[in-house]
Amino acid sequence: MIAPWLRSTWAELWARRQADRMPHALLLAGPQGLGKRAFASALMHALLCQQPGAEGFACGHCRACQLLAAQTHADGMRITFGLRDDGKPRTEIIVEQIRALCESITRTAGRGGWRVVLIDPADALNRNAANALLKTLEEPEANVLIVLLADQPGRLPATIISRCQRIAINLPSRALALDWLQQQGIDASVAAESLALADGNPGEALGLAAPAARERVDEVVADIEAIAAGHETYAIASRWADEHADGRLRTLARLLTAALRPVQPNAAPAILRLRQVLAEADFVRLNAAWEQCNFVRNQLDSPLRKDLQILEVLQRLRSSLAR
Ligand SMILES: [Zn+2]
């Protein structure tokens, strides 16, 4: 099922398919949480299904659809992070994966029907992998569709981007996002608060609407209030380092962003509380705390001590609040 805000994009693409003008490569670009993956999967299923419906969506029960559901359809390929020798997932897509893909495309040529490849996340292709993919994009084969998914398309080489039809996936209107959240079973007032906190991103808002995430927001606000009231910062940093460090830092960054924006409709009570704490904050220092917060989030897996890194963030936050 694709998200309602992607329906017009779907219709345009399907019209091209009907007119036999399907591009060879698509780049689905946009932030996480807007349904890129579901869209790409639906497209793969639609092209491989033996009897797609009127709007192009896969039937869900033909032989091809069954193979796709079992992820065993030979013409539906997915490239994502492979495993390293120690069994942990890699953090980039490597050239061997792209070479194997190209061989597979060549091997299956002439069999008729579509072959669809999803590369996800394409912004994690390393340089050699990107070069290998470029060759395939430069010499497209008939009935092969390569779909690249990227949260941060700016990290892709321009040569790759220029050979793809780019589909920018943008934030939907507030009304559409709220509707969708309620269809996912989220209460209207929680949906509105979560959407405000997620900066209008419905997928992120869905995650923030979960009870555990809502509790975390309240906890982080309480910790900021404690810091403003002069409580010891290290105790808080140490607690954050022990559990959900990334989730808490992420929540902090999000809260600071939301609290510094002009007043939004349906702001969560947590945001209103935070606004009071931040009312007289030094903006330049607060911004430095926010930047440090995002920096540390990317460093959490490094050998540096988590508690000390988090302490640095919280101390910057405190210095922004000092009168
Ligand atoms: Zn089918």
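Analysis parameters
Residues numbered from 1 in each chain as written. Predicted model: local features only at pLDDT ≥ 70, side-chain atom pairs only at ≥ 80, totals over all residues. Heavy atoms only, no water. Donors = N, O, S within 2.8 Å, 3.2 Å for Na, K, Ca; no water. Tetrahedral: all angles 85-135°; square planar, octahedral: opposite > 155°, others 65-115°. Buried < 20%, exposed > 50% of the residue type's maximum accessible area, 1.4 Å probe, protein only. Domains from an automatic or database assignment. Helix = DSSP H or I, 4+ residues; strand = E, 2+ residues; numbered from the N terminus. Contact = heavy atoms within 4.5 Å. Salt bridge = Lys/Arg side-chain N within 4 Å of Asp/Glu carboxyl O.

Novice: Any chance you could break down the coordination of the zinc ion for me, citing the residues and the numbers?
Specialist: Coordination sphere of the zinc ion, protein contribution only: Cys 49 (SG), Cys 59 (SG), Cys 62 (SG) and Cys 65 (SG), at 2.3 to 2.4 Å. Around the zinc ion sit four donor atoms; with metal-centred angles ranging over 103 to 116°, the donor geometry is tetrahedral. Each donor residue of the zinc ion belongs to the same chain, and together they define the spacing C-x9-C-x2-C-x2-C. Accessibility classification places Cys 62 together with Cys 65 in one group, the buried group.

Novice: Report on the domain arrangement of the protein, specifying residues and quantitative values.
Specialist: For the protein, the assigned domains are domain 1 (4-168) and domain 2 (210-321). With centres defined by C-alpha atoms, the gap from domain 1 to domain 2 works out at 38 Å.

Novice: Quick rundown of the environment of Arg 250? Include the residues and the values.
Specialist: Note that Arg 250 resides in helix H12 (residues 245-260). Exposure remark for Arg 250: the relative accessible area of 30% places this residue in the partly exposed category. Look past the residues within four positions of Arg 250 in its chain and what remains in contact with it is Glu 204 and Arg 297.

Novice: Go over the side chain of Thr 251 with me, naming the residues and quoting the values.
Specialist: Locating Thr 251 in the fold gives a position in helix H12. Dropping the residues within four chain positions of it, Thr 251 is found in contact with Arg 216, Val 217 and Val 220.

Novice: An account of unusual backbone geometry is requested, with residue identities and associated values reported.
Specialist: With an omega of 0°, the peptide bond running from Asp 120 to Pro 121 counts as cis. Inspection of the secondary structure puts Pro 121 in the loop between strand E3 (115-119) and helix H5 (127-138). In this structure, Gln 71 takes a positive phi of about 55° despite not being glycine. For Gln 71, the location among the structural elements is in the loop between helix H3 (63-69) and strand E2 (76-79). The exposed category is assigned to Gln 71, whose relative accessible area is 62%. Even without glycine at this site, His 244 takes up a positive phi of about 55°. Within the secondary structure, His 244 sits in the loop between helix H11 (233-242) and H12. Exposure remark for His 244: the relative accessible area of 42% places this residue in the partly exposed category.

Novice: Go over the pattern of salt bridges with me, naming the residues and quoting the values.
Specialist: Scanning the model with the defined rule gives 16 salt bridges in all. Across the salt bridge formed by Arg 250 and Glu 204, the nearest N and O atoms sit 2.8 Å from each other. Taken as a pair, Arg 250 in helix H12 and Glu 204 in helix H9 (residues 202-208) lie far apart in primary sequence, 46 residues in all. Of the residues examined, Glu 204 reaches a relative accessible area of 17% and is grouped as buried. As a salt-bridge pair, Arg 254 and Glu 204 come within 2.7 Å of each other at their nearest N and O atoms. One end of the pair, Arg 254, is in helix H12; the other, Glu 204, is in helix H9, with 50 residues separating them in the sequence. Given the relative accessible area of 16%, Arg 254 is considered buried.

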